[in-house]
2 protein chains.
Amino acid sequence: MSELLIDQRNLAFELYEVLDAEALTQRPRFADHNRETFDAAIGTARTIAEKLFAPHNRKNDENEPKYVNGAAELIPEVKPAVDAFLEAGFLNATRSFEQGGMQMPNLLSQACFAHFQSANAGTSSYAMLTMGAANLIESFGTEEQKERYLQPMIDGRFFGTMALTEPHAGSSLSDIRTKAEPAGDGTYRLKGNKIFISAGDHPLSENIVHMVLAKLPDAPPGVKGISLFIVPKFLVNDDGSLGERNDVTLAGLFHKMGWRGTTSTALNFGDKDNCVGYLVGKPHHGLSYMFQMMNEARIGVGMGAVMLGYAGYLYSLNYARERPQGRLPDGKNPSAPQVSIIEHADVKRMLLAQKAYVEGAFDLGLYASRLFDDTETLDTEEERKSALQLLDLLTPIVKAWPSDYCLKANELAIQILGGHGYTREYPVEQFYRDNRLNPIHEGTNGIQSLDLLARKVTMNGGAALKQLSGIIQSCCKRAADYSELNELREPLEKLHAHIGSVTMALLGDMGQGRVNEALANSALYLKAFGHMVIGWRWLEQAIKAQQGLAAGNQADTAFYQGKLQAARYFLRWEVPSCHHDLNVLENRDLTCFDMQDSWF
Amino acid sequence: MSELLIDQRNLAFELYEVLDAEALTQRPRFADHNRETFDAAIGTARTIAEKLFAPHNRKNDENEPKYVNGAAELIPEVKPAVDAFLEAGFLNATRSFEQGGMQMPNLLSQACFAHFQSANAGTSSYAMLTMGAANLIESFGTEEQKERYLQPMIDGRFFGTMALTEPHAGSSLSDIRTKAEPAGDGTYRLKGNKIFISAGDHPLSENIVHMVLAKLPDAPPGVKGISLFIVPKFLVNDDGSLGERNDVTLAGLFHKMGWRGTTSTALNFGDKDNCVGYLVGKPHHGLSYMFQMMNEARIGVGMGAVMLGYAGYLYSLNYARERPQGRLPDGKNPSAPQVSIIEHADVKRMLLAQKAYVEGAFDLGLYASRLFDDTETLDTEEERKSALQLLDLLTPIVKAWPSDYCLKANELAIQILGGHGYTREYPVEQFYRDNRLNPIHEGTNGIQSLDLLARKVTMNGGAALKQLSGIIQSCCKRAADYSELNELREPLEKLHAHIGSVTMALLGDMGQGRVNEALANSALYLKAFGHMVIGWRWLEQAIKAQQGLAAGNQADTAFYQGKLQAARYFLRWEVPSCHHDLNVLENRDLTCFDMQDSWF
């Protein structure tokens, strides 16, 4: 069986044909890099993912973490895998050489990390959460906090978490109740309960640094009264050695549908009134700090969804090639040998849909990662701001679209394997179960739809949307050079125009105070907007495929034909379906909004 | 928490307002029944389902059957539940009084059984499979076979299975390899391996009667060479007592994504060359016998999918009413109390979609069951044939549509519960996992789409489709009496017309020999056709709701408003989405069909 993590030809296409990763090496920060260093890193990631992550993916699922004497126990395969990941430098791939990093573009770091996400969602999460926590301290912590907590995280000795959710405050962070009282010595004492804290306990590191949202006594109500604290599992002495155990306890583990390799914990802070925390940044600014890390976290979640979809697609593709079953509808001779199921039109449909979803979303995730590089390394502040504006707009799509459609891809992979796909002897059902988390966490997709329509589309007077429109139009203009692409370009242009008019109408409603009504059908808007974005990314891929075909390398012909066919599928089969959703929005159809509790 | 299995007001609406179950009591076979006997049976089903089936649904999932010394072990709660089901007479509800049955309409039997399917998919399957096996013997067995095997099944002493699938022949039954050699004494010796045999072993009954497809030595190749055999686990002596163990062995159990309460077995027939089987009916007619039981089995699968969807809908509805979280978009005061999530527009959407899917599919499943009664109890043969023709046409929809859309309902239920829905502490994730089997077994939905377009739509020169068209048109005509329903009727009329023209076009292609191409996009046809059927059933419900509102019973007003709103959702939000699918069919878009293996 050939590649099961990522199609390497497709990865090279993305990096070097579509996203021009080599151009990044012109920037001072990445000047020591070149295609060889990129490929070497990818090769290392691939090897570790194949050898140390993939083999225990099912075992993670079958042996979920256990709560033993107040601590979480994992299967023994997790630590060597994570250690190899750290050893190879992937935790700090984007950090500067001075910090001990590889000073790699985010684009490449993401491309490397994607291998681990594809191989083992559960085990790879420990690293991802640590990166998120470390970045928070790096951006907003004091020098002392960086020395005491960030450096050991960079060194791989401490791991991290993000502790936001509480039992009565899942999506509504403004309602958290965890309290932080000043202790008089500059530290704080926290008291409260958090749930669904991923990687909240495990034996993989010497210490765990919880980044905790809590409220100070003088906090104003709502989101403007939330502060951010460092709460280490073990206190850290001035010399960096570990001190006593802090008063944060593992209350229990959640037993999940999937993604079982990562502990999901309930944590109690301050059961003995002695939970020491350290304020990060300014009081009451905690949520805004979290939000500044949101783009990164949501790209990570989106890419996680993509990679589970990708793993399922590749597995079901191999299966469809190898499994003989039945004959074509016009094959009347029952003595003829059975055909491989990839020959059946409906199986081709299910494979092509998966390809369109996962390769479209993979491209978007990498595009967003490159945009993230732009926000940090473009020459002028104006350029960097412009990149950030676009990234802000795209982020809800980067998170939500793959978690909806690559989940759908996983469902199709199960269907292709049929009865076998429904058994735990094959991996595809686990991919589905693992992926089912992604539409929920890091802001549900319902919340993403509100973020898109109520915040991102309206910000700066719609500047980001104008920017994206310009980019899509320029893509269409370049596509117009290829008459073969007319049938792909036109559906995108039509959807783009329709979204423009619907957006104007909805913004008009909001401007007139009909906020609840204008946002009521935001889920439909998210779907249509997401399809426009993915449609645009497929048109970009199609242009590159045309150029590749024109280059005339015979070995690549089939690859480019596949790209064009997947683009054709997405732009002709999927994109036009959104006009109906937009019609519902345009008609201000309030069927759902008007539904009453008592009518159910 | 209120009702969790079936909304009883809705069940009464279906039986007595939409489907006029009382009219059935005018037929001689059901003359001893009346609304009171119907309601008493439903009450008993509900009580047993709530008290004995629902409580161990999660335990079934967490403690899947174990393979111990060549046999399957179940948790102890299954047998008392199944015994109570048998004791109450539900296994034989539709059988005649002479046979010891209740002589109930299929409609009512299905309505009763739905409670068990909602409460516990795993445990209820043992009964369902036994019914299927018993019906096969009843229809095609000899008198002696009926006495020896059917009567003990009716008595609840023997259970049954359907043993079709083989490792290399899942969907392609013409390729089965299990052999049956005449032993010279009128019996046969079987040899072969079957997989995915549900309820293939368990300790719930004295004996298990396997209905096995196998090939005789002189069998012609293909589907016309398949014969049907009775293969009992224990041989049965002439006096009805159990003889020696037959040579059919449990090779192992499959470990499934869900539906874990039902054993899924690998069975070996004739490992010791001594597996005794008894031919049912004529040689080589086995598959046609199976096909004659298909409508029943597929209604059962469809209703199973509906009921898992229904259980998830009711659970998430209760949760949404009780879970406070966040505030409405225009609610700027963070000190105001949180609202129940049922107040959020997107949660309403997810609830209303679930209601539309499950109550629409529930109605169709019951409609099909009533049609099944018509095939057996209408006055004239012509009427009975006409009912059967319609049922044949609808069967692929009855099986496939709920298994696609009530599965989608389960996905929405998880989303409403958010992080909690993703944990195994709540039941909704299990409903999804259980339901994921339904698009696969009893003919994959891809196969249903081919059955619909290649067989059912074309049979008798399209007579069934004409019949259904007439019924839909008559429904629209009655709806036209209510101007309030115009906005619901028009989308159905439009879809109906579009399906008509697309069907003609595709049949034309088939007539010209382009069979593979005409059937290539059958999945889209199935979706659109299914939406037309469910849309029609919702318009029927809407008419009854209008009539109910006009009757002016205040206590029912909210119920009927809910019906109208769900109908509005389905006919305005869902039905029009199918025109795009039909456009793809109409344009003969062969994007998927043309995709090549090497391009993936």
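The structure presented is a predicted model; accordingly, all values stated were derived computationally and were not measured. (Residues numbered from 1 in each chain as written. Chains lettered and ligands numbered in written order. Predicted model: local features only at pLDDT ≥ 70, side-chain atom pairs only at ≥ 80, totals over all residues. Heavy atoms only, no water.)

Undergrad: So, the overall build of chain A: which residues are in play, and what are the values?
TA: In terms of regular secondary structure, chain A is built from 21 helices and 12 strands. The C-alpha radius of gyration of chain A comes to 24 Å, within 12% of the 25 Å expected for a compact globule of 600 residues. For chain A, the C-alpha atoms occupy an extent of roughly 80 × 60 × 60 Å along the three principal directions. Within chain A, contacts between residues separated by at least 24 positions form 75% of all contacts whose residues are at least 6 apart in sequence. Positive and negative side-chain charges in chain A, numbering 58 and 73 respectively, have mean positions lying 4 Å apart. (Helix = DSSP H or I, 4+ residues; strand = E, 2+ residues; numbered from the N terminus. Rg over C-alpha atoms; globule rule 2.2 N^0.38 Å. Contact = heavy atoms within 4.5 Å. Lys, Arg positive; Asp, Glu negative; His and termini not counted. Charge placed at Lys NZ, Arg CZ, Asp CG, Glu CD.)

Undergrad: Please provide a residue-by-residue account of the interface of chain A and chain B, values included.
TA: Often, the extent of an interface is quoted as the loss of accessible area on bringing the components together. The interface is formed by 95 residues belonging to chain A together with 95 residues belonging to chain B. Together, the buried faces of chain A and chain B total about 8200 Å²; carbon and sulfur atoms form 58% of this surface. Area buried by chain A at its contact with chain B is led by Tyr422, Trp573 and Phe600 of chain A, which between them contribute 12% of it. As a salt-bridge pair, Asp175 of chain A and Arg327 of chain B come within 2.6 Å of each other at their nearest N and O atoms. On the surface where chain A and chain B come into contact, there are 55 residue pairs in polar contact (both at pLDDT 80 or more). At nine residues, helix 19 (residues 557-574) of chain A tops the list of elements feeding residues into the side of chain A that touches chain B. Partitioned by chemical class, the residues of the side of chain A that touches chain B number 41 nonpolar, 29 polar and 25 charged. (Buried area = accessible area lost by both parts, 1.4 Å probe. Salt bridge = Lys/Arg side-chain N within 4 Å of Asp/Glu carboxyl O. Polar contact = N/O pair within 3.5 Å; in protein donor to acceptor, adjacent residues only side chain to side chain. Nonpolar A, V, L, I, M, F, W, Y, C, P; charged D, E, K, R; others polar.)

Undergrad: Mind laying out the relation of the copies chain A and chain B, listing which residues take part and the relevant values?
TA: Rotating chain A by 180° and moving it 0.0 Å along the rotation axis overlays it on chain B with an RMSD of 0.0 Å. Overall, the copies show the geometry of a two-fold rotation axis. Measuring from the rotation axis to each C-alpha of chain A, the shortest distance belongs to Ser577 of chain A, at 3.4 Å. (Least-squares fit on C-alpha atoms with pLDDT ≥ 70 in both.)

Undergrad: Explain the packing of helix 10 (residues 294-322) of chain A against helix 12 (residues 381-421) of chain A to me, and be specific about the residues and the numbers.
TA: All names here are of chain A. Direction vectors running N to C along helix 10 and helix 12 enclose 25°, while the axes themselves pass 7 Å from each other. Classified by the angle their axes make, helix 10 and helix 12 are roughly parallel. Along this stretch, helix 10 crosses helix 12, giving a crossing that reads as left-handed. (Axes fitted to C-alpha atoms, helices over the stretch in contact; angles between N-to-C directions. Parallel < 35°, antiparallel > 145°, perpendicular 65-115°, else oblique. Left-handed = near helix turned anticlockwise from the far one by under 90°.)

Undergrad: Explain unusual backbone geometry to me, and be specific about the residues and the numbers.
TA: All names here are of chain A. A positive phi angle, near 50°, is found at Asn69, a position not held by glycine. Within the secondary structure layout, Asn69 lies in the loop between strand 1 (66-68) and strand 2 (71-73). Residue classification places Asn69 among the exposed residues on the basis of a relative accessible area of 78%. One non-glycine residue, Asp273, lies in positive phi territory at about 55°. Tracing the backbone through its elements, the reader meets Asp273 in the loop between strand 11 (264-269) and strand 12 (276-280). (Buried < 20%, exposed > 50% of the residue type's maximum accessible area, 1.4 Å probe, protein only.)

Undergrad: Describe the pattern of salt bridges, with residues and values.
TA: Under the defined criterion, the tally for this structure stands at 79 salt bridges over all chains. With a closest N to O distance of 2.8 Å, Asp201 of chain A and Lys233 of chain A form a salt bridge. A residue pair is termed long-range when its members are at least 10 positions apart, and Asp201 of chain A in the loop between strand 5 (188-198) and strand 6 (207-214) and Lys233 of chain A in the loop between strand 7 (227-232) and strand 8 (234-236) qualify at 32 residues. Look at Lys233 of chain A and you get buried, because its relative accessible area is 12%. The partner of Asp374 of chain B in a salt bridge is Arg370 of chain B, and the shortest N-O contact between them spans 3.7 Å. Note that Asp374 of chain B and Arg370 of chain B are positioned in helix 11 (residues 345-377) at a spacing of four residues, about one turn of the helix. Neither residue differs from the other here; Asp374 of chain B and Arg370 of chain B are each classed as buried. Several salt bridges converge on common partners, so that one network encompasses Arg58, Asp61, Arg260, Glu429 and Arg433 of chain A.

Undergrad: Describe the packing of aromatic side chains, listing the residues and the values that go with them.
TA: Across all of its chains, the model carries 50 aromatic pairs over all chains by this definition. Seen from their ring centres, Phe13 of chain A and Tyr560 of chain A are 6.2 Å apart, and the 65° between their planes marks the pair as edge-to-face. Here the residue Phe13 of chain A occupies a position in helix 1 (residues 8-18), and Tyr560 of chain A occupies one in helix 19, the gap between them amounting to 547 residues. Each member of the aromatic cluster is reached from another via a ring pair, and the members are Phe53, Phe85, Phe90, Phe113 and Phe116 of chain A. Above the face of the Phe234 of chain A ring, Arg245 of chain A is positioned so that its terminal group lies 5.7 Å from the ring centre. Stacked on the ring of Tyr16 of chain B, the Lys or Arg Arg35 of chain B has its end atom at 3.7 Å from the ring centre. (Phe/Tyr/Trp six-rings, centres within 6.5 Å; stacked < 30°, edge-to-face > 60°. Lys NZ or Arg CZ within 6 Å of the ring centre and 35° of its normal.)

Undergrad: Which residues make up the environment of Ser449 of chain B, and what values go with them?
TA: All names here are of chain B. The topology assignment puts Ser449 in helix 14 (residues 445-456). Setting aside residues up to four positions removed in sequence, Ser449 forms contacts with Ser522, Ala523 and Leu526. Polar side-chain contacts of Ser449 include one of 2.6 Å to the backbone oxygen of Gly446. At 2.8 Å, the side chain of Ser449 forms a polar contact with the side chain of Ser522.

Undergrad: Quick one: what's the story with the nonpolar core, residue by residue and with numbers?
TA: Where a protein is soluble and globular, its nonpolar side chains tend to be buried together. One finds Phe529 of chain A together with Phe529 of chain B to be the most contacted residues of the largest nonpolar core, which totals 314 residues. Ignoring anything within four residues of it in the chain, the contact list for Phe529 of chain A reads Leu393, Ile397, Leu452, Val457, Leu465, Leu468 and Ile499 of chain A. (Core = buried A, V, L, I, M, F, W, Y, C linked by side-chain atoms within 4.5 Å.)

Undergrad: Before we move on, can you summarise the confidence of the model for chain A with the specific residues and values?
TA: Mean pLDDT over chain A stands at 97; residues scoring 70 or higher make up 100%. Two numbers describe this predicted complex: its pTM, 0.98, and its ipTM, 0.98. (pLDDT = per-residue confidence, 0-100.)

Undergrad: Which residues make up the side chain of Thr444 of chain B, and what values go with them?
TA: Secondary-structure assignment places Thr444 of chain B in the loop between helix 13 (428-435) and helix 14. Once residues within four sequence positions are removed from consideration, Thr444 of chain B is found in contact with Gln415 of chain A together with Ser171, Lys399 and Pro439 of chain B.

Undergrad: Now, about the UniProt feature "domain: Acyl-CoA oxidase/dehydrogenase middle" (unreviewed entry) in chain A: what can you tell me, with residues and values included?
TA: In the UniProt entry, the feature "domain: Acyl-CoA oxidase/dehydrogenase middle" (unreviewed entry) is given for residues 162-270 of chain A. The span residues 162-270 of chain A is 0% helix and 46% strand, and its two end C-alpha atoms sit 17 Å from each other. (UniProt positions renumbered as here; feature names shortened; annotations may be inferred.)

Undergrad: Go over the UniProt feature "domain: Acetyl-CoA dehydrogenase-like C-terminal" (unreviewed entry) in chain A with me, naming the residues and quoting the values.
TA: As annotated in UniProt, the feature "domain: Acetyl-CoA dehydrogenase-like C-terminal" (unreviewed entry) corresponds to residues 472-596 of chain A in the numbering used here. Overall, residues 472-596 of chain A shows 81% helix and 0% strand. The separation of its end C-alpha atoms is 40 Å.

Undergrad: Pulling in residues and values, what's your account of helix 12 of chain A?
TA: Over its 41 residues, helix 12 of chain A extends only 51 Å from the first C-alpha to the last, a length that falls short of the 60 Å expected when each residue adds 1.5 Å. Counting buried residues along helix 12 of chain A, 30 of its 41 residues qualify, which places the element largely inside the surrounding structure. (Expected span 1.5 Å × (residues − 1).)

Undergrad: Tell me about the pairing of strand 11 (residues 264-269) of chain B, and please be specific about residues and values.
TA: All names here are of chain B. Where burial is concerned, most of strand 11 is hidden: six out of the six residues are buried. Here strand 11 shows two buried faces, one formed by Ser264, Ala266 and Asn268 and the other by Thr265, Leu267 and Phe269. In this sheet, strand 11 lies alongside strand 5 (residues 188-198) in antiparallel orientation, the contact comprising five bridges. Its bridge partner being in strand 11, Ser198 is matched across the sheet by Ser264. (Pairing = 2+ DSSP bridges.)

Undergrad: Describe in detail the packing of helix 1 (residues 8-18) of chain B against helix 18 (residues 522-551) of chain B, supporting the description with residues and values.
TA: Residues and elements named next belong to chain B. It is at 11 Å that the axes of helix 1 and helix 18 come closest, and there the two elements cross at 85°. Between helix 1 and helix 18, the angle is such that the two are roughly perpendicular. The residues of helix 18 that touch helix 1, namely those facing Phe13, Glu14, Glu17 and Val18, are Arg537, Gln541, Lys544 and Ala545. Each residue belonging to the contact of helix 1 with helix 18 can be placed in one class, and the counts come to three nonpolar, one polar and four charged.

Undergrad: Any details on the environment of Phe269 of chain A? Residues and values, ideally.
TA: Residues and elements named next belong to chain A. When you line up the elements, Phe269 lands in strand 11. According to the relative accessible area criterion, Phe269 is buried, its value standing at 1%. For Phe269 and His210, which are 59 residues apart along the polypeptide, the C-alpha to C-alpha distance reads 11 Å. Contact partners of Phe269, with chain neighbours within four places excluded, come to Ala163, Leu190, Lys191, Gly192, Lys194, Val212, Val231, Asp247, Val248 and Cys275.

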